[in-house]
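Report on the structure
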Amino acid sequence: MQLTEVCDISIPVSFGKRQLSAFGGAPARSEAFLDTRKGGSCNCEIHTFSPHLNGTHTECVGHITKERISVPNVGLVMAQLVTVKPEQGLISTIKAEPTEALIVRTLPNPPAKKTRNYKDWPTFTPDAMKRIVALGVKHLLVDLPSVDRRDDARLTNHRIFWKRGVTITELVYVPSRVKDGKYLLNLQVAAFEADAAPSRPVLYKVKK
Ligand SMILES: [Zn+2]
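Details of the overall build of the chain
- Counting its secondary structure elements, the chain contains three helices and 14 strands.
- Here the C-alpha radius of gyration of the chain, 17 Å, is about what a compact globule of 208 residues would show, namely 17 Å.
- Of the contacts made within the chain by residues no fewer than 6 positions apart, 70% connect residues no fewer than 24 positions apart.

Here's what the structure looks like:
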């Protein structure tokens, strides 16, 4: 079996640079604890950010429970990439085969998504989310700040999808050159004891 890296589909958390914002959260920032440019023995920074607001992140059911549950590492899983065109802000149809991980790329798909100030975004209809659950998806990845609308305080779609062991990854960016289809996904999640953590999903093509 031969693996060819196709694409890193993360939007990194960048500090102090041009960056995306969502839900009106503050930009990610860092301050020097030690700085070699200022005579420090090394560089050591203190970062202030939220996994949910400042870049690609993976979250678990602990996002909505009173009980604190930490996001698992996911690692290697088979994934399917599908592209959808929301109609009037709604994603109502998901054409996919049963799959462990599903990556949903929404149209339009300009690279500006990586630095956008997200005020509103398309969302799944509850039936579309039920369809995703019925496909056996355990790890759902989307290029939106949330699988729910900003004003949905009930987090309807999150609740349809969540159970223990499943994850949702938000704010990925899949370049248009990557074709829909099946990939091996390496979903690397930072080791945080928290409901969400920054993550780096990487797609591989598998050749036998
Ligand atoms: Zn989130």
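Structural notes on the pairing of strand β3 (residues 29-34)
- With zero of its six residues buried, β3 lies for the most part at the surface.
- As paired elements, β3 and strand β4 (residues 44-48) share five bridges and run antiparallel to each other. In the sheet register, Arg29 faces β4, and the bridge partner there is Thr48.

Comments concerning the nonpolar core
- Residues Leu102, Ile103, Leu140 and Val172 are the most contacted members of the largest nonpolar core, which totals 41 residues.
- Elements that contribute at least two residues to this core include exactly β6 (75-84), β8 (101-106), α2 (126-134), β11 (139-142), β13 (181-189) and β14 (196-207).

Overview of the environment of Thr36
- Position of Thr36 among the secondary structure elements: in the loop between β3 and β4.
- You can call Thr36 exposed: it has 11 C-beta atoms within 10 Å.

Each value, and the rule that gives it
- Residues numbered from 1 in each chain as written.
- Predicted model: local features only at pLDDT ≥ 70, side-chain atom pairs only at ≥ 80, totals over all residues.
- Helix = DSSP H or I, 4+ residues; strand = E, 2+ residues; numbered from the N terminus.
- Rg over C-alpha atoms; globule rule 2.2 N^0.38 Å.
- Contact = placed C-beta atoms within 7 Å.
- Buried ≥ 20, exposed ≤ 12 C-beta atoms within 10 Å, placed from the backbone.
- Pairing = 2+ DSSP bridges.
- Core = buried A, V, L, I, M, F, W, Y, C linked by C-beta atoms within 7 Å.

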